[in-house]
Amino acid sequence: MRLLLLCVLSLLAGSVAAAPLDGTWQLDTAQGTFTARLVTQGRAVIGTIDVAGRSTISLTGTLQGDAAAGLASTDEGVGRFEARVQGDALELVLSQEDGPNQRAARLPLSFRRVQAAAPPVPGGKPAPAAGDAGGDARLVGTWEWQEVISSGGASFAQSEWLVIRADGTFAWNKGAAAAGGAGWSYDGGSGGDGMRGRWRARGGVLFAQGADGAWMRVGTYGMTDDGAAMRISYDGGDRRIWQRR
């Protein structure tokens, strides 16, 4: 009897630990099928929303009780998301604040579960998670690098954006550049088309695949314990600290 009770308790413990957000969810619309894939790692939540095969939204957030909230990002900008599971439905809300080239908006979406989280494979190792397509799910999210240089009465500021997605793709672009001093100012605007491709991380080394299909080594990387900052030491000799947004 004692062995039976221990087995039941272990099963109950496993069911409590399972994260209800994990899995694949779908929403059928007149414009096509939206597919959301979510994975939890500790209190972190990462995933993607495939928008009818036309674009991908990357999700990076944290668990808040039985719900989750965080950043939603695409090549065009960054917003926020809120997610909660009710039975076999995922109630997900996308929102954006009023700002340059966009108006405040809030879009509620209701997905149905089509696949639970990937079960363990023989040997006790978990199956690859949707957020681990590139090899290190900690990198998934939207990152910004900023530099401000001041000399005398003049200053110069520039920034870059790096979006690393759970499906193994990335987007990089330069942000706005500006300079100014006593009686003068300069607005450099955005940095153009940027770069798109695939990413891969192995043993603390970051690799990128460009439009020509060739893989190249970017450099080594490290991250703070809370995942808020990432250091990339580029093979070309540069070193940058990226902040999670």
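Reading the values: rules and limits
- Residues numbered from 1 in each chain as written.
- Predicted model: local features only at pLDDT ≥ 70, side-chain atom pairs only at ≥ 80, totals over all residues.
- Heavy atoms only, no water.
- Helix = DSSP H or I, 4+ residues; strand = E, 2+ residues; numbered from the N terminus.
- Buried < 20%, exposed > 50% of the residue type's maximum accessible area, 1.4 Å probe, protein only.
- Areas by Shrake-Rupley, 256 points an atom, 1.4 Å probe, with all protein chains shown as cover.
- Pairing = 2+ DSSP bridges.
- Salt bridge = Lys/Arg side-chain N within 4 Å of Asp/Glu carboxyl O.
- Axes fitted to C-alpha atoms, helices over the stretch in contact; angles between N-to-C directions.
- Core = buried A, V, L, I, M, F, W, Y, C linked by side-chain atoms within 4.5 Å.
- Contact = heavy atoms within 4.5 Å.
- Phe/Tyr/Trp six-rings, centres within 6.5 Å; stacked < 30°, edge-to-face > 60°.
- Lys NZ or Arg CZ within 6 Å of the ring centre and 35° of its normal.

Some remarks on the overall build of the protein
Broken down by element type, the protein carries 1 helix and 18 strands. By the burial criterion, 37% of the 245 residues in the protein qualify as buried. Accessible surface computed for the protein: about 14,200 Å², of which carbon and sulfur atoms make up 54%.

Here's the deal with the pairing of strand 3 (residues 44–51)
Most of strand 3 is tucked away, with 6 of its 8 residues classed as buried. Here strand 2 (residues 32–41) runs beside strand 3; their pairing, made up of 8 bridges, is antiparallel. Note that in strand 3 the partner of Gln 41 across the bridge is Ala 44. Linking two consecutive strands that pair antiparallel, namely strand 2 and strand 3, is a turn of 2 residues; a positive phi of about 70 degrees is found at Gly 42 within it. Here strand 3 pairs with strand 4 (residues 55–64) via 8 bridges, running antiparallel. Among the inter-strand pairings, Ile 49 is bridged to a residue of strand 4, identified as Ile 57.

Considering the pattern of salt bridges
The final tally for this structure, using the stated rule, is 8 salt bridges. Residue Arg 217 pairs with Asp 235 through a salt bridge whose shortest N-O separation is 2.8 Å. Of this pair, Arg 217 sits in strand 16 (residues 215–223) while Asp 235 sits in the loop between strand 17 (229–234) and strand 18 (239–244), and the two are 18 residues apart along the sequence. Here Arg 217 falls in the partly exposed class, since its relative accessible area comes to 44%. Assessed through its relative accessible area of 44%, Asp 235 is described here as partly exposed. Where salt bridges share partners, they join Glu 160, Asp 238 and Arg 240 into one cluster.

Observations concerning unusual backbone geometry
Phi angles above zero are rare outside glycine, and Ala 52 is one such case at about 55 degrees. Within the secondary structure layout, Ala 52 lies in the loop between strand 3 and strand 4. Its relative accessible area of 22% is what places Ala 52 among the partly exposed residues.

Side note on the sheet that holds strand 5 (residues 67–74)
Spatially, the 8 strands close up into a barrel ordered 1-2-3-4-5-6-7-8, and their pairing is antiparallel. Neighbouring strand axes in the sheet, compared pairwise and without regard to direction, differ in orientation by 30 degrees on average.

A look at the nonpolar core
Ranked by internal contacts, the top residues of the largest apolar core, which has 22 residues, are Leu 21, Ile 49, Leu 59, Leu 90, Leu 92, Leu 94 and Phe 111. Non-local contacts of Phe 111, meaning those with residues more than four positions away in its chain, are made with Trp 25, Gln 26, Leu 27, Phe 34, Thr 35, Ala 36, Ile 49, Asp 88, Ala 89, Leu 90 and Leu 92.

Remarks on the packing of aromatic side chains
Counted according to the given criterion, the structure contains 0 aromatic pairs. The ring of Trp 215 carries the charged tip of Arg 200 above its face, separated from the ring centre by 3.9 Å. Lying over the aromatic face of Trp 145, Arg 240 brings its terminal NZ or CZ to 3.9 Å of the ring centre.

Re the environment of Gln 41
Along the polypeptide, Gln 41 turns up in strand 2. By relative accessible area, which is 39% here, Gln 41 ends up partly exposed. Put simply, Gln 41 and Ala 137 are 96 residues apart on the chain and 8.8 Å apart in space, counted from C-alpha to C-alpha.

Some points on the pairing of strand 1 (residues 23–29)
In terms of strand pairing, strand 1 meets strand 2 through 7 bridges, oriented antiparallel. From the neighbouring strand, Trp 25 faces strand 2, where its bridge partner is Ala 36. Between strand 1 and strand 2, which follow one another and run antiparallel, lie 2 residues. Summarising the sheet, strand 1 and strand 8 (residues 105–115) pair through 3 bridges and their orientation is antiparallel. Paired with Trp 25 across the bridge in strand 8 is Arg 113.

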